[in-house]
Amino acid sequence: MKNQFDASDTIESHIYYNTREVASMLGLSRGTVQKMVEDGTLQAWKTSGGHRRILGSAVENFLKNGQSSIASNQPVQLSILVIENDPALQKLYQSTITGWELPIDLNIVDDGLSALVQITRQCPDILISDLQMQAVDGFEMINTLGKDSTFNVMDIIVVTELTKADIDKKGSLPNGVTVFHKPIPFQDIHGYARAKLVSLAKDNPLSA
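What you see is a predicted model; the values in this text were computed from it and never measured. (Residues numbered from 1 in each chain as written. Predicted model: local features only at pLDDT ≥ 70, side-chain atom pairs only at ≥ 80, totals over all residues. Heavy atoms only, no water.)

> Even after reading the chapter, I still don't get the overall build of the chain, so can you show me in this structure?
Of regular secondary structure, the chain possesses eight helices and eight strands. Expressed as a percentage of contacts within the chain between residues at least 6 apart in sequence, the contacts between residues at least 24 apart total 65%. (Helix = DSSP H or I, 4+ residues; strand = E, 2+ residues; numbered from the N terminus. Contact = heavy atoms within 4.5 Å.)

Now the structure itself:
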């Protein structure tokens, strides 16, 4: 399997691929592909050993229809809350995500306390947070949110300078939290947002 998928290549529609191969095809992280499988965006099955297998035709359908599904299933809007205290990175989040031209309601706050207030008022679809922030311990905040079933509809993405070893030393994170490492991997977040939009569109009664 090649490390880079080219649009001129042919996906064998009758062959099953693993998540690593599909991630390479779509230019996404394995974690994003796994989320897409879990929410039904990509149809897959599990082997007896628990490994995901994705049919090539499902990948083809996503490549052909993923973006058009988002456009045709309006009015769907994805709400994203970003916690970032660096003004330069705030501007980078704002300009990059706005530049995707997707139906995204983006809010950016600079500390954990403001985020908790906003989450309590209106839970976003996706929370993007650092683990090191002002006023609130990132590990404690994310674990608290992860234990509260009220916020189960919210996906949590961590973007941090900490290594996996650092995270393991400082404390664990809830299952299902996606961890990315800085510099901010906007390509992966873009893919994640698109997959979430497709999932929301499927659940939206106005899209029928």
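> I would appreciate a short explanation of the pairing of strand E6 (residues 126–129) in the present structure.
For a regular strand, the rule is simple: side chains alternate between the two faces of the sheet. In E6, alternate side chains face the same way, and those of Ile126 and Ile128 on one face and Leu127 and Ser129 on the other are all buried. Relative to E6, strand E4 (residues 78–83) runs parallel, the two sharing four bridges. The partner of Val82 across the bridge, within E6, is Ile128. Across four bridges, E6 lies against strand E7 (residues 155–160) in parallel orientation. Across the sheet, Ile126 pairs through a bridge with Asp155, a residue of E7. Remark: the E6/helix H6 (residues 138–147)/E7 crossover connection has right-handed handedness. (Buried < 20%, exposed > 50% of the residue type's maximum accessible area, 1.4 Å probe, protein only. Pairing = 2+ DSSP bridges. Right-handed = clockwise from strand over helix to strand, strands pointing away.)

> What's the story with the pattern of salt bridges in this structure? I'm lost.
Side chains that carry opposite charge are capable of pairing whenever their charged atoms lie near each other. Under the criterion given, the structure shown has four salt bridges. Glu84 is the salt-bridge partner of Lys182, the closest N and O atoms lying 3.6 Å from each other. Of this pair, Lys182 sits in the loop between strand E8 (178–181) and helix H8 (186–203) while Glu84 sits in the loop between E4 and helix H4 (87–99); the two residues are 98 residues apart in sequence, bridging distant segments of the chain. Look at Lys182 and you get partly exposed, because its relative accessible area is 22%. The buried category is assigned to Glu84, whose relative accessible area is 5%. One salt bridge connects Asp130 with Lys182, and the closest N-O pair in it is separated by 3.0 Å. Residue Asp130 is located in the loop between E6 and H6, and its partner Lys182 is located in the loop between E8 and H8; the two are separated by 52 residues in the primary sequence. (Salt bridge = Lys/Arg side-chain N within 4 Å of Asp/Glu carboxyl O.)

> Looking at this structure, how should I read the packing of helix H1 (residues 19–26) against helix H2 (residues 30–38)?
Two measures define how a pair of helices packs: the angle their axes make with one another and the distance between the axes. Closest axis-to-axis distance for the H1/H2 pair is 9 Å, and the angle between their directions is 105°. Between H1 and H2, the crossing angle belongs to the class labelled roughly perpendicular. Residue-level contacts link Thr19, Arg20, Val22, Ala23 and Leu26 of H1 to Arg30, Val33, Gln34 and Met36 of H2. Classifying every residue of the contact of H1 with H2 gives five nonpolar, two polar and two charged. (Axes fitted to C-alpha atoms, helices over the stretch in contact; angles between N-to-C directions. Parallel < 35°, antiparallel > 145°, perpendicular 65-115°, else oblique. Nonpolar A, V, L, I, M, F, W, Y, C, P; charged D, E, K, R; others polar.)

> For this particular structure, what's the right way to read the confidence of the model for the chain?
Do not read the fine detail of predicted coordinates wherever pLDDT is low. Here the chain averages 81 in pLDDT, and 84% of its residues register 70 or above. For the chain, per-element mean pLDDT is lowest for helix H3 (residues 56–72), which scores 68, and highest for E6, which scores 96. A low-confidence stretch, residues 1–9 (pLDDT under 50), is modelled with twelve contacts involving residues beyond four sequence positions or located in other chains. (pLDDT = per-residue confidence, 0-100.)

> Can you help me understand the sheet that holds E6 in this one?
Whenever strands of a sheet pair, they do so through backbone hydrogen bonds, lying parallel or antiparallel. With parallel pairing, the five strands of this open sheet are ordered in space as E5-E4-E6-E7-E8. Strands with a single pairing partner mark the edges of an open sheet, and in this sheet they are strand E5 (104–109) and E8. Between one strand axis and the next, the sheet turns by 20° as a mean value, whatever way the strands run. Sheet analysis places E7 next to E8, joined by four bridges and oriented parallel. In the sheet register, Val159 faces E8, and the bridge partner there is Phe180. In this fold helix H5 (residues 112–121) packs onto E4, E5 and E6, with an angle of close to 155° to the strand it touches most, E4.

> Which parts of the structure should I look at to understand the layout of surface pockets?
Over the atoms, a rolled probe matching the size of one water molecule traces out where space is still vacant. Reported here for the largest pocket is a volume of approximately 370 Å³. Residue lining of the largest pocket: 18 residues in total, with Leu173, Gly176, Val177, Thr178 and Val179 positioned closest to the centre. For the lining of the largest pocket, the elements supplying multiple residues, two or more each, are H2, helix H7 (164–170) and E8. For the lining of the largest pocket, the per-class residue count stands at five nonpolar, eight polar and five charged. (1 Å grid on protein atoms, 1.4 Å probe; cavity = no way out; pocket = protein on both sides within 12 Å on 5 of 7 lines; lining within 4 Å. Points joined across faces, edges and corners; volume = space filled by probe spheres on them.)

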